[in-house]
Structure formats: structure tokens, C-alpha cells
Amino acid sequence: MEIIVCILIGAALITAGVMLVINGGKRQQKPMLIGGWVLTIAAIVGTIVGVILFAGLGEQSLTSAFITYAFPALMFIGFVVAIGLGVGNLVKGYQKDQDGNLNTNKIIAGWALLILAIVLVLAIVIPLTIVFDQQSSGDANEIRFM
């Protein structure tokens, strides 16, 4: 079952990369093309490595390897992308056009992406705080927050 989930996640990421490549080619946007190719190649390599890990090391190893290595990397990449796109949209949104109007769609998208970045950080900080607090409640090896 776990191998199917690994392959489905890889297929979804490959599909997203191919869609970025297609849309970037239609719009002649080089960053979208580069991002699409990077996502496609990384998803293909990640899926192959995941299947090899599953076959070679067993069921438990794939889950722990994914949680240990891939999830923090995906969260960090999501945070950086959300901050970058959010700030970029806010800059473009608050620039006035020839008529003196602001682009409210870009402003809304920019603030939404910045809020998403904050939520991603909180999704990491809050569970770690709870885990460390529970671990420090015991008698052995106390870990305390100031």
C-alpha cells in the first residue's frame, strides 16, 4: 500500500511539473519553464529513490526516510516560494497603473501567500513546542523553554 502512495505522490508532482512546463511554454515565461523542469526531474528522481528504498530497506524505512528528509525540505521550499510570490504580488499590486488604480487581485493574492507562509511556520513550531514540552515534563533529561 505504501508503495502505491509513493508512486501516486510522484505522479502528482510530475503532473504539476509538466503543467508548469506547458503553461510556461505558452506564455513564454522562462521562470515557469525552469521551475516546471526542476519539479518534474526532482519528482522522477524522488519517486525512483523512494521505490528503491522501499524495495531494499522495507516498509518502515520508506516512511521514516520520507518524514525525516522530504517533509522538512518540502515545508522549507513551500515557505520560500510563498514568501517570494507573496512579496512579488504585493509589490506589483501596490504599483499604480496609468489610471492611478491599484491591482487589488495581486494585493489579495500577496497577502494570502504571506499568511500561508506564516501558517507553514506555525505548523512546524506549534507541534515541536508541544512535543518538547511533553518530553520535558518527565523526570529524565529535562528540556525547558525559557
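Source: prediction; values computed, not measured.

### Focus on the overall build of the protein chain
1) Next: Along its length, the protein chain carries four helices and zero strands.
2) Next: Ordered by position from the N terminus, the helices and strands of the protein chain form the series α-α-α-α.
3) Next: Out of the 146 residues in the protein chain, the part that is buried amounts to 17%.
4) Next: In the protein chain, the proportion of contacts linking residues at least 24 apart, taken out of those at least 6 apart, comes to 44%.
5) Next: Accessible area for the protein chain stands at about 10700 Å²; split by element, carbon and sulfur atoms hold 72% of it.

### What about the environment of Gly-36?
1) Next: Position of Gly-36 relative to the elements: it lies in helix α2 (residues 30–57).
2) Next: Note: C-alpha distance between Gly-36 and Met-19 (17 residues apart in sequence) is 7.3 Å.
3) Next: Residues in contact with Gly-36, not counting those within four places in the same chain, are Gly-17, Leu-20 and Val-21.

### A look at unusual backbone geometry
Trans peptide bonds make up most of the peptide bonds, and negative phi angles are found at most residues other than glycine.
1) Next: Even without glycine at this site, Gln-28 takes up a positive phi of about 60°.
2) Next: If you trace the backbone, Gln-28 turns up in the loop between α1 (2–27) and α2.

### Describing the environment of Val-38
1) Next: By secondary structure assignment, the location of Val-38 is in helix α2.
2) Next: Take Val-38: its relative accessible area is 53%, and that puts it in the exposed class.
3) Next: Considering only alpha carbons, one finds Val-38 and Ile-14, 24 residues apart in sequence, at a separation of 9.9 Å.

### Here's the deal with the confidence of the model for the protein chain
1) Next: Residues with a pLDDT of 70 or more make up 82% of the protein chain, whose mean pLDDT is 80.
2) Next: Of all the helices and strands in the protein chain, helix α3 (residues 59–94) carries the lowest mean pLDDT, 79, while helix α4 (residues 104–136) carries the highest, 84.

### With respect to the side chain of Thr-40
1) Next: As for its position among the elements, Thr-40 is in helix α2.
2) Next: In this structure, Thr-40 is in contact with Ile-14, Gly-17 and Val-18, ignoring residues within four places of it in sequence.

Rules and cut-offs
Residues numbered from 1 in each chain as written. Predicted model: local features only at pLDDT ≥ 70, side-chain atom pairs only at ≥ 80, totals over all residues. Heavy atoms only, no water. Helix = DSSP H or I, 4+ residues; strand = E, 2+ residues; numbered from the N terminus. Buried < 20%, exposed > 50% of the residue type's maximum accessible area, 1.4 Å probe, protein only. Contact = heavy atoms within 4.5 Å. Areas by Shrake-Rupley, 256 points an atom, 1.4 Å probe, with all protein chains shown as cover. pLDDT = per-residue confidence, 0-100.

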